[in-house]
Structures are given as C-alpha cells and as structure tokens.
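Here's the letter readout for the chains.
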Amino acid sequence: MPARGRRVGGAVAAVAVATVMVVPFLWMVSTALMGEFEVLQYPPPMLPATPRWANFRDALTTLPFARFFANSLIVAAFTVTAQVMAGALGGYALARFRFAGQRAVFALYLGALMIPGVVLLIPRFLIVDALGAVDTMAGLVSAELVSFWGIFMMRQFFVSLPRELEDAARLDGAGEWAVFWRIVLPSAVPGLATFALFAFIDSWKSLLWPLVVTRSMSLRTVEVGIASFHGLYYANWPYQMAAAVTALVPVLVVFLLTQRHFTRGVQLTGLR
Amino acid sequence: MATVRLQQLTRKFPDGSVALAGLTLDIKHGEFLVLVGPSGCGKTTALRLIAGLDAPTSGRIVVGEEDVTDLPPGSRDVAMVFQNYALYPHFTVAENIAFPLKMRRVPAGEQQRQVREVAETLGIGELLARKPAQLSGGQRQRVALARALVRQPAVFLFDEPLSNLDAQVRASTRAELVRLHRQLGATMIFVTHDQVEAMSMAQRMAVLNKGRLEQCAAPLEVYRTPATRFTAQFVGSPSINTFDGTIEGKGSRQLFVGAVQVPVTAPPGSGTLAVRPEHLHIVPPGDGTFPVRVALVEPLGAECIVHALLGDNTEVRVRVPGLPTVATGDTVHLRIDHEAALVFDAEGRLEGRGRRP
Ligand SMILES: Nc1ncnc2c1ncn2[C@@H]1O[C@H](COP(=O)(O)OP(=O)(O)O)[C@@H](O)[C@H]1O
Ligand SMILES: [Mg+2]
C-alpha cells in the first residue's frame, strides 16, 4: 500500500523536523533551571539535578527587567503600528494605483530590501545623533517605522485580492477612501495580522540598534538585558536562559492572538 | 427611461490588445439583452465600461438622456452582479445587502426594512446573519443579486452570474431571473459565453466576436438568419455544418459546388454553404442525395446526433429524431433541406440561401 507508506513516511519526517525544532527550546528551559556551575560540567547534563525555579526571580530582578519589558513593548507597539499602516497604505497604492514612476518606486523598494540592515546602522545612528535623539525613547523607536519588506508583502497580498470587491464597492457608491477603509482593509486582516506578527517578532528580538542607540539602563530593552548577562556576570547561562524563556512569553501571546488569521495569510501571500 | 446607448465604444489596453473595437448598440428601456460571445471577445470589458469601472479609449455611453461616459460608477444608476459575486467577506449577508444603502446615507431603520424585503423576495431571509463563507454557491449568487436589487437601479448588469453554479441550480436561477425581469421591468444586460443560456433568456441577443458586434436580434432570428458565418457557427448545438466551395452559373441556374451541390441564390464567387444538423435527413438513395459513412452515433434519448464522413472526409453532423436507426460503419444517404441552407461570402457575410431546384 504505497499511499499508506507515504503517510507513515510523512509522519516520520514531521516528527523528525519537530524534534529538531523543539530540542533547543527544551534545552533552553532545562538550562534556565540549572545551577550556575552545573551548566559547565562535562558532559553537559540533560536535566538539572534539582530545578532551581528561583533562577527566574533572581535573573529578572538582578537587572530591572520590568523596565526592559515595558521598553520592548513600547518599541514593538510603535514599530508594529507604524509598519502595518505603512505596509497597508504603500502596498495598496503599489498594487492598485497607476501613477508616474510607479515601476521605479517599486524597483527602489525591491532594491532597498536587498540592503542588509547592518549597513544602515551607522548612517541611522548619525542621523539620530544629529537630531539629538541618541539615548531617548524617540531615537529607540525611530529605527524601523517603515518596512519595505512589509510594503512589498502587503502589495503581494493586495494583488491577490479580487479587484471585483473594490469595483463592487465603487458601484455601491463608496468613494476611494471608503473603498480602502471599509472593504479593502478589513478583507486584508489575514495578511495584516501575518505581517504584524512578523513585525512584532522582528522588533522584539532586535538587539543591535537598541544596544547602539541607548546608554541609560532605563531605556534598555529585554534583548539587550538578556545579552548583558554575558560579560557583566561572566556568562551566567542559567540567568540568561531564564530571561530568554520569559522573553518568549509575549511572542507566544502575540502568536496566539494572530494565529487564527496566520495560516490563511501565509497562504494568501504565497509565502507558504 | 433607462435606455442604454453604446456609441462606437472602443477600448484598447496599454499592452496593445483591443478588447472592444467600435461597439455600437442600442438597448431599449426594460429590455433583457444578452451579450454573448466566446471567452475573450470583450463582454466583461463592455459591462465595465457601462458601469464606469473602466473608461473607453473612444466612444460614448448614454443612459436615458444623459451622457454618462465621464461619470464615476457610484453616480450612474447602474448595478452589477459579478461573475465571482464579489461579496464583502467580512460583512454578514445583511451588511452586504445594506452596503449600497449605507453609502447613500439611507437611514438605518429604512435600510433594515429594505434589506429584509429584498431578502424575502429572493428567499434568503434566514441567511441574513451569516458570512459569505458560510453560503453555498447558489446562496451567494442570491446575495449578490439582492445587493444589486436593493438599490433599485435603472440598469442591471450581469457578468456570467450563472457560470459558477451547478446545472440544476443554474436552470432554476435562469427561469427566476427572467421572472424577476418581468416583475421589475428594469433594463438588464446579461453577459454569457453560453449560447444556450443566451437563446433561452434573451429578448434580443447581441453576438460579440473579437470586440465587434456580429449581430443583434431576437434569438430565433439569429438562429434562422445569422448575419455572419461566425454567428451561424456560434449559435446552435451541435454546431452548423459548413462546406467551402464556389457559386457557379447565372440567374436561376446558380449552383453551390463543393463537397455537396445545392442550388442557391447568391452572386458567383467563392463562398461557404452552411446547413444546420436538423436540416440534413437520412433518406433512401435517390435524386439529390449523397452517401456518407457513419463515424459515431450519440443517442440522447429524444434524438440522436449522427457524425458522418463524406467521401472527401468532410465531417457532417445530423440530428435524427427518436432512437438510433443507424450504426457506426454504415453507409447511409443524406438529403439537404435546400431552402434552409445558408450561403456566406468569402468575408463570412450572409449573401443568400439555398433554393428549390
Ligand atoms: N486589464 C487588461 N489589460 C490588458 N488586456 C485586457 C485587460 N482586460 C481584458 N483584456 C483583454 O481584452 C480582451 C477582452 O477581455 P474580456 O472583456 O474580459 O473578455 P470576456 O469577458 O468576453 O471573456 C481579452 O483578450 C483580454 O485579454
Ligand atoms: Mg468575462
């Protein structure tokens, strides 16, 4: 029975992939519960001798993590909101409107996608510095308010929406803004939710920019906080992992909030 | 008065393709006109121009007494039902139907009343709280129809609204649309690529080919007296038999000479003789008959379609009433109803008919 064989083969492959994905995560949780020196034993232990739940409390209070979480959330809120708005408006314009230089603009966006973020680090810093915004919340938030990737992805999404929806709305008497706000945008919720999730994860895990543009403890983000267990406490792995596990919680929450739309969105944008 | 006049409508696309090439058509007030033609002939383009969703490269559109060519879609008194229905996926059925009223600032209570009324008329009163994704194809079609009806427009446009329905629902919806048209007395322009649908629904049908109008007339007239060879071949199933040849002789002696010979009234020169399958008859051998070899018999119950080959392997289709009386491989003799034969000139225009010898 070849069909059955294929099904079993598929299941085995799925389990293998899932294992590869989940092992590092389990190891992270396990490490978070170990003693500081237990981690360094050879061969490394799989499980802690006795789980040290206190690691979480200690790691999160050694440094002002409550502040870090708040900062990360503020940055993410601004970034996601701005990126989703720019993505929706820019993507719709590129997908639907014919205007002079449209192709050039689109090519420019595609080109911008190919520039690695690291290259932009120093110019961005110099601009923010010139604006006197180094080591301020404004400077911290300013880095990724527009995402070319998001505009591009939303363009692909809008291109795949049937135009007849917009045409029907125009015939029903809707002006261009009503077409966009009442019909296009709500129909695009799966695409927007998918992009918002990506944008949130990107913002949440960004390290380089927050590290470069902030100095005060009160402006640091979670990711910077996690990184500072290296050096400051000569690589305290359990603390670092405990903070990292905690930092995953918001990502998980956002994923759960958006996942209803997520699979559909990924399919519709052709990301698969 | 909701007449619709299309004057020399042309639509060229930037890529060079010409969807409509000088379409001129007068649609009467309260008429059910079917725009029919093969895929890609410009039917959707014509509707989009009338609706104002697209602008013509040249030509004018006049609805009633008003030239609407430069009006936006919302300002034309025109509603359209799209091929894919274009229901707003995030709205309920009630919200979908109410949307045109909402955009026209009809008070909320009045909106509800009208939505209810239209929904009852179309038998979708129980579906008002559902989302489009929870409806069957036939139900979606009705919602799309309701959204058009609720506006009470002067002109309805339908773009192949039945093509996504299964055969049974399609047949019943067809009849219902015709009934609705009688009830409302509104002008309706109905697009389809299905000539059977066109024949059965139309008061007049306009046959479109490559962006040009081939003929606009009542269905039976189009069937009996197709203006062009294209129309003759497009309308009728199985399709009309054609024979290429020449018209020879003068006066009352003219004769079509090709795979078959038929006396005709048409000017001499090369031309095409066209004969509908029901105008060929299986007969005993005799004067004016010709032999064919039966290649395939399709029994349909009330009739059968016999596919047969002439000596030179020209295929002919014969409609035979009743049950099959011949079998594959038989040689049988055919007679042509001379007076029903059509003659087209080299450009494909109707130029004459067969006649009694
Ligand atoms: N936006 C467009 N750009 C270029 N060509 C188009 C466009 N829309 C339609 N066409 C072309 O115009 C012709 C008529 O199209 P359409 O009106 O959709 O035909 P139909 O509805 O009869 O199938 C087709 O050849 C099609 O390829
Ligand atoms: Mg079409």
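Residues numbered from 1 in each chain as written. Chains lettered and ligands numbered in written order. Predicted model: local features only at pLDDT ≥ 70, side-chain atom pairs only at ≥ 80, totals over all residues. Heavy atoms only, no water.

(A) Examining the side chain of R151 of chain B more closely. Considering the arrangement of structural elements, one finds R151 of chain B in the loop between helix 4 (137-149) and strand 7 (155-159). Although R151 of chain B is buried, it forms no salt bridge, and the closest oppositely charged side chain is D172 of chain A at an N-O distance of 4.0 Å. Within polar-contact distance, the side chain of R151 of chain B engages the backbone oxygen of V78 of chain B at 2.9 Å. Beyond its immediate chain neighbours, meaning those up to four positions away, R151 of chain B contacts L171 and D172 of chain A together with R76, D77, V78, A79, P100 and R104 of chain B. (Helix = DSSP H or I, 4+ residues; strand = E, 2+ residues; numbered from the N terminus. Buried < 20%, exposed > 50% of the residue type's maximum accessible area, 1.4 Å probe, protein only. Lys, Arg positive; Asp, Glu negative; His and termini not counted. Salt bridge = Lys/Arg side-chain N within 4 Å of Asp/Glu carboxyl O. Polar contact = N/O pair within 3.5 Å; in protein donor to acceptor, adjacent residues only side chain to side chain. Contact = heavy atoms within 4.5 Å.)

(B) Representation of the packing of helix 4 of chain B against helix 5 (residues 167-184) of chain B. Residue and element names in this part refer to chain B. Remark: helix 4 packs on helix 5, axes separated minimally by 12 Å, with the N-to-C direction vectors making an angle of 15 degrees. Considered as vectors, helix 4 and helix 5 are oriented roughly parallel to each other. Here the hand of the crossing between helix 4 and helix 5 comes out right-handed. In this structure, helix 4 contributes G138, Q141, R142, L145 and L149 to the contact, and helix 5 contributes V169, T173, E176, L177, L180 and L184. Along the lines of polarity and charge, the residues of the contact of helix 4 with helix 5 split into six nonpolar, three polar and two charged. (Axes fitted to C-alpha atoms, helices over the stretch in contact; angles between N-to-C directions. Parallel < 35°, antiparallel > 145°, perpendicular 65-115°, else oblique. Left-handed = near helix turned anticlockwise from the far one by under 90°. Nonpolar A, V, L, I, M, F, W, Y, C, P; charged D, E, K, R; others polar.)

(C) Quick peek at the interface of chain A and chain B. Between chain A and chain B, the residue contacts involve 16 residues of the former and 22 residues of the latter. In total, about 1,600 Å² of surface goes out of reach between chain A and chain B, with carbon and sulfur atoms giving 66% of it. Taken as a group, L171, D172 and R182 of chain A account for 43% of the area that chain A buries against chain B, more than any other trio of residues on that side. Between chain A and chain B we count two salt bridges in total. Here R147 of chain B makes a salt bridge to D172 of chain A, at a shortest N to O gap of 3.8 Å. (Buried area = accessible area lost by both parts, 1.4 Å probe.)

(D) Examining the nonpolar core more closely. Membership of the largest hydrophobic core comes to 85 residues, with the highest contact counts inside it found for F65 and F158 of chain A together with L157 and I189 of chain B. Here I189 of chain B is in contact with V4, I27, L33, L47, I50, V155, F156, L157 and F158 of chain B, once residues within four sequence places are set aside. Residues V93, L127, L149 and V150 of chain B belong to the second largest nonpolar core, which totals 46 residues. (Core = buried A, V, L, I, M, F, W, Y, C linked by side-chain atoms within 4.5 Å.)

(E) Region of the structure containing the sheet that holds strand 1 (residues 4-12) of chain B. Residue and element names in this part refer to chain B. Spatially, 2-1-4-5 is the arrangement adopted by the four strands of the open sheet, whose pairing is antiparallel. Each edge of the sheet is formed by a strand with only one pairing partner; in this case those strands are strand 2 (18-27) and strand 5 (66-67). Relative to strand 4 (residues 58-63), strand 1 is paired through five bridges, and the arrangement is antiparallel. Residue pairing in the sheet places Q7 in a bridge with R60 of strand 4. (Pairing = 2+ DSSP bridges.)

(F) Molecular detail of the pattern of salt bridges. Within this structure, the stated rule accounts for 25 salt bridges over all chains. Here E315 of chain B makes a salt bridge to R317 of chain B, at a shortest N to O gap of 3.6 Å. Among the ionic contacts, a cluster of salt bridges with common partners joins D167, R170 and E176 of chain A together with R48 of chain B.

(G) Geometry of helix 1 (residues 43-51) of chain B. Most of helix 1 of chain B is tucked away: seven of the nine residues are buried. Along helix 1 of chain B, the positions that sit buried rather than exposed are K43, T45, A46, L47, L49, I50 and A51 of chain B.

(H) Main features of the sheet that holds strand 16 (residues 290-299) of chain B. All names here are of chain B. Pairing within the open sheet is antiparallel, and its five strands lie in the order 15-19-16-17-18. Strands with a single pairing partner mark the edges of an open sheet, and in this sheet they are strand 15 (280-283) and strand 18 (315-321). The mean inter-strand angle of the sheet, taken between neighbouring strand axes irrespective of direction, is 50 degrees. Bridge count for strand 15 against strand 19 (residues 331-336) is four bridges, and the pairing is antiparallel. Bridging across to strand 19, I282 finds its partner in L334.

(I) Geometry of the pairing of strand 19 of chain B. Residue and element names in this part refer to chain B. Taking every second residue as pointing to the same face, the buried face of strand 19 carries V332, L334 and I336, while none of T331, H333 and R335 on the other face is buried. For strand 16 and strand 19, the ladder comprises four bridges, and the chain directions are antiparallel. Looking at strand 19, one finds that F290 is bridged to L334.

Geometry only, nothing functional implied.
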